[in-house]
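Structural overview for review
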Amino acid sequence: MNTKNTETWKRPEGSTLKDWISTRVARFENREYDFSALKFQADFDPKYRRAQMRYMGTGATGISGDSNTVPAENFTFSTMLLPAGCEGPPHVHTDAEEVFFMLRGSIELTVEENGEETSLVLNYRDLISVPPNVYRGLRNHTQEDALMCVMIGNPKPVIPTYPDDHPLSKIKR
């Protein structure tokens, strides 16, 4: 086990329990939706405009640091605001599973592996765990904003990649 990753799990010498535990709390009142986390996608096409609200770690959006999060030890956790009609382009995480849990609204999720593709709809309180190396893309097919939790099973996941034939695969970040 990499002890560097678990250092925040250890109570610092001389620290009170209250002070230490307070570093492990991320309150909603201190969060903001970050539409810039995936701005390069929205700049390419406005349909990709979405916002991330980080709670634990920084996810896989390419944000290198956010001091307003709980340190990630084994996974990242954020919420994603998905405006009506938006899309999340097909992408793959090679080093982690990704979990989506719907808090509000509905999305159509498409997954693809080795040329085989399937789609399903996720509604309120539905969850899916997408394994590493399986492409996933989503679309808010409704006229209302959707909100979902996103967990990635790696404290510092590599930036996801897009299918070679997708226009975003050619974009510099």
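Bear in mind that the values here come from a model prediction, so they are computed numbers and not experimental data.

Structural notes on the packing of aromatic side chains
Within this structure, the stated rule accounts for 1 aromatic pair. Ring centres 6.1 Å apart and planes at 70 degrees place the aromatic pair Tyr-55 and Phe-77 in the edge-to-face group. With Tyr-55 in strand S1 (residues 51–56) and Phe-77 in strand S2 (residues 76–82), this pair connects stretches of sequence that are 22 residues apart. Just above the ring of Tyr-55 sits the side chain of Arg-31; from NZ or CZ to the centre is 5.4 Å.

Considerations on the sheet that holds strand S8 (residues 135–139)
The strand order S3-S8-S5-S6 describes an open sheet built from 4 strands, whose pairing is antiparallel. This sheet does not close on itself; its edge strands, each paired only once, are strand S3 (87–91) and strand S6 (116–122). When the angles between neighbouring strand axes are averaged without regard to direction, this sheet yields 15 degrees. Bridging between strand S5 (residues 107–113) and S8 involves 5 bridges; their strand directions are antiparallel. Opposite Leu-109, over in S8, you have Leu-138 as the bridge partner.

Observations regarding the pairing of S6
As judged from the 7 bridges shared by S5 and S6, these two strands associate in the antiparallel manner. Note that in S6 the partner of Val-111 across the bridge is Thr-118.

A closer look at the confidence of the model for the protein chain
Mean pLDDT for the protein chain: 91, with 97% of residues reaching 70 or above. Taken together, the stretch residues 1–5 has pLDDT below 50 and engages in 3 contacts with residues farther than four places along the chain or on a different chain.

A few points about a nonpolar patch on the surface
Side chains of Leu-17, Ile-21 and Val-25 sit close together on the surface and give an oily, nonpolar patch of about 230 Å² of accessible area. Positionally, Val-25 belongs in the loop between helix H1 (17–22) and helix H2 (39–44).

Concerning the sheet that holds strand S4 (residues 98–104)
Adjacent strands of a sheet pair through backbone hydrogen bonds, lying either parallel or antiparallel. Pairing is antiparallel in the open sheet, where 5 strands are placed in the order S1-S2-S9-S4-S7. The sheet terminates laterally at S1 and strand S7 (127–130), the two strands that pair on one side only. On average, adjacent strands in this sheet sit at an angle of 20 degrees to one another, irrespective of strand direction. Here S1 runs beside S2; their pairing, made up of 5 bridges, is antiparallel. When the sheet's bridge partners are listed, Arg-54 is paired in S2 with Ser-78.

Concerning unusual backbone geometry
With phi around 65 degrees, Arg-125 is a residue other than glycine that occupies positive phi space. Following the sequence through the fold, Arg-125 ends up in the loop between S6 and S7. Since its relative accessible area comes to 56%, Arg-125 is described here as exposed.

Remarks on the side chain of Arg-54
With respect to the helices, strands and loops of the structure, Arg-54 is situated in strand S1. Within the structure, Arg-54 has its side chain in polar contact with the side chain of Asp-34 (distance 2.9 Å). Not counting residues up to four positions away in its chain, the partners in contact with Arg-54 are Arg-31, Asp-34, Ala-37, Ile-63, Asp-66, Thr-69, Phe-77 and Ser-78.

Some points on the side chain of Thr-69
Within the secondary structure layout, Thr-69 lies in the loop between S1 and S2. Look at Thr-69 and you get buried, because its relative accessible area is 16%. Of the polar contacts made by the side chain of Thr-69, one reaches the backbone oxygen of Asp-66; its length is 3.0 Å. Those residues within four positions of Thr-69 in sequence are excluded, and the remaining contacts are Arg-31, Arg-54, Tyr-55, Met-56 and Gly-57.

Calculation rules
Residues numbered from 1 in each chain as written. Predicted model: local features only at pLDDT ≥ 70, side-chain atom pairs only at ≥ 80, totals over all residues. Heavy atoms only, no water. Phe/Tyr/Trp six-rings, centres within 6.5 Å; stacked < 30°, edge-to-face > 60°. Helix = DSSP H or I, 4+ residues; strand = E, 2+ residues; numbered from the N terminus. Lys NZ or Arg CZ within 6 Å of the ring centre and 35° of its normal. Pairing = 2+ DSSP bridges. Axes fitted to C-alpha atoms, helices over the stretch in contact; angles between N-to-C directions. pLDDT = per-residue confidence, 0-100. Contact = heavy atoms within 4.5 Å. Patch = residues over 30% accessible without salt bridge, like charges linked within 9 Å, V, L, I, M, F, W, Y side chains within 5 Å. Areas by Shrake-Rupley, 256 points an atom, 1.4 Å probe, with all protein chains shown as cover. Salt bridge = Lys/Arg side-chain N within 4 Å of Asp/Glu carboxyl O. Buried < 20%, exposed > 50% of the residue type's maximum accessible area, 1.4 Å probe, protein only. Polar contact = N/O pair within 3.5 Å; in protein donor to acceptor, adjacent residues only side chain to side chain.

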